[in-house]
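The primary structure of each chain is shown beneath.
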Amino acid sequence: MGLPQGAKLSILKKDAISVAAGIVAAVETALAVSGISLHDMIPGQAWWVYLLIVLAVFAALVASIRFILACLYREHIELEINGNRIEIVEGDLFAQDGKKVIPFNEYFDSDVDDIVISHSSLNGKFIDHHVDDLAELRREVESERSSPLPVRDCEGRRQYDLGTIKRFGEDYLLLAFSHFDGQNQARLTMAEYERCLMNMWQELCRTYAGRPISLPLLGSGITRFDDVRQKSESELLKCMLCTLRSTGCYFSQPISIVLTSEAMSKVDLYEMKGVSRYGL
């Protein structure tokens, strides 16, 4: 997946050039209407001097506008994809309104022992601080079978298709996100990651109940990709947005992708506009 050839230039730089060109054109029109030229303002110069002045002013405008746009979209950005309102923001997932998506492995394991699930992971924090009764969590996972995605029997355990969503209480949607290997490591191939996201958007349509949805940046934690180098935060974020665009799913309520401060520092938010414009 990639941007069209004409969009390979940075989205931020393209927009800065476009705005600067508009400003220059507006100034030229205003001067022409008033009968004033650059020659009148700075008389007695060779033609190439005037050209250099115009180019220097244009370059300064581009740099200034680029800086201003980067500052404006440093901490959050709002996008529209297929009519869906998307906000990318830094914050605490658990403090968001509406439904919150929590990634689990394909078995919906819930043992927080720093072997199966780490206490420091989002999964572990959810179980440690937002589940009052672990037995109740396990019962709800077992009893909630409304997903149309397949379930397999794996040595006496239920193995759920990646992307499967389980409801838990009023506020949480539990996601089967990764495979689990013999070393208790969460693993995926890139194709499985994309298919999981495609399934997830469809499942969220089924389960969000007309409420706002908040998701973490999926794949940025301890999940390992088997067939590619570890993806950057920007690449993962673009993949989440692109798969939403590909599914054609529509949500009547806004979707928030909530990044940690560390992830936010590594993402160029303005470049995410490329997804809504070009579809990646």
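Rules used throughout
Residues numbered from 1 in each chain as written. Predicted model: local features only at pLDDT ≥ 70, side-chain atom pairs only at ≥ 80, totals over all residues. Heavy atoms only, no water. pLDDT = per-residue confidence, 0-100. Contact = heavy atoms within 4.5 Å. Core = buried A, V, L, I, M, F, W, Y, C linked by side-chain atoms within 4.5 Å. Buried < 20%, exposed > 50% of the residue type's maximum accessible area, 1.4 Å probe, protein only. Helix = DSSP H or I, 4+ residues; strand = E, 2+ residues; numbered from the N terminus. Salt bridge = Lys/Arg side-chain N within 4 Å of Asp/Glu carboxyl O. Pairing = 2+ DSSP bridges. Polar contact = N/O pair within 3.5 Å; in protein donor to acceptor, adjacent residues only side chain to side chain. Phe/Tyr/Trp six-rings, centres within 6.5 Å; stacked < 30°, edge-to-face > 60°. Lys NZ or Arg CZ within 6 Å of the ring centre and 35° of its normal.

Visitor: I'd love a proper account of the confidence of the model for the chain, names of residues and values included.
Guide: Close reading of the predicted structure is inappropriate where its pLDDT is low. When pLDDT is averaged across the chain, the result is 88; 93% of the residues are at 70 or more. Per-residue pLDDT stays below 50 along residues 1-7; that stretch engages in 13 contacts with residues further than four places along the chain or on separate chains.

Visitor: For the nonpolar core, give the residues involved together with the corresponding values.
Guide: Ranked by internal contacts, the top residues of the largest apolar core, which has 42 residues, are Y193, W201, L204, L215 and L241. At the level of elements, β1 (76-81), β2 (84-90), β7 (172-180), α6 (190-207), β9 (213-216), α7 (233-247), β11 (255-259) and α8 (261-264) are the ones that each hand at least two residues to this core. Considering every element that reaches this core, the biggest residue donor is α6, with seven residues. Counting residues in each nonpolar core, the second largest holds 19 residues, with L93, F126, V141 and A176 among its members.

Visitor: Tell me about the pattern of salt bridges, residues and numbers included.
Guide: What the rule picks out here adds up to nine salt bridges. The partner of R211 in a salt bridge is D171, with the nearest N and O atoms 3.1 Å apart. With R211 in the loop between α6 and β9 and D171 in the loop between β6 (165-168) and β7, the pair connects residues that are 40 residues apart, well separated along the chain. As a salt-bridge pair, E203 and R206 come within 2.9 Å of each other at their nearest N and O atoms. In this pair, E203 and R206 both sit in helix α6, three residues apart, roughly one turn of the helix. On the accessibility criterion, R206 (26% relative accessible area) is partly exposed. The network of salt bridges with common partners includes E233, E262 and K266.

Visitor: Residues and numbers for the pairing of β9, please.
Guide: In β9, alternate side chains face the same way, and those of I213 and L215 on one face and S214 and P216 on the other are all buried. Relative to β9, strand β3 (residues 99-105) runs parallel, the two being bridged by two bridges. Counted as the bridge partner of K100 is S214 from β9. Bridge analysis of β9 against β11 gives four bridges, and the strand direction is parallel.

Visitor: Summarise the side chain of S147; cite the residues concerned and give the values.
Guide: In this structure, S147 sits in the loop between α5 (134-143) and β4 (151-154). Polar contacts involving the side chain of S147 include one to the main-chain amide nitrogen of L149, which spans 3.1 Å. At 2.9 Å, the side chain of S147 forms a polar contact with the side chain of E203. If we skip the residues at most four places from it in the chain, S147 touches T164, I165, E203 and R206.

Visitor: Account for the side chain of N199, with residues named and values stated.
Guide: Mapping N199 onto the fold places it in helix α6. Ignoring any residue separated from it by four or fewer positions in sequence, one finds N199 in contact with L149, D161, L162 and G163.

Visitor: Please set out the packing of aromatic side chains residue by residue, giving values where relevant.
Guide: Scanning the model with the defined rule gives 10 aromatic pairs in all. Geometrically, the ring pair formed by Y208 and F251 is edge-to-face, given 5.1 Å between the ring centres and 70° between the ring planes. Pair noted here: Y208 is in the loop between α6 and β9 and F251 is in the loop between α7 and β11, with a separation of 43 residues, a long-range link. Owing to a relative accessible area of 10%, Y208 belongs among the buried residues under this scheme. By relative accessible area, which is 2% here, F251 ends up buried. Ring-pair connections join several aromatic residues into one group, and the members of that group are F94, F104, F108, F126, Y160, F168 and Y172. Geometry around Y172 places K100 over its ring, the cationic atom sitting 5.7 Å from the centre.

Visitor: Can you tell me about unusual backbone geometry, naming the residues and giving the values?
Guide: Even without a glycine there, the phi angle at E155 is positive, about 55°. A positive phi angle, near 55°, is found at A209, a position not held by glycine. One can find A209 in the loop between α6 and β9. Accessibility expressed as a relative area gives 60% for A209, which makes it exposed.

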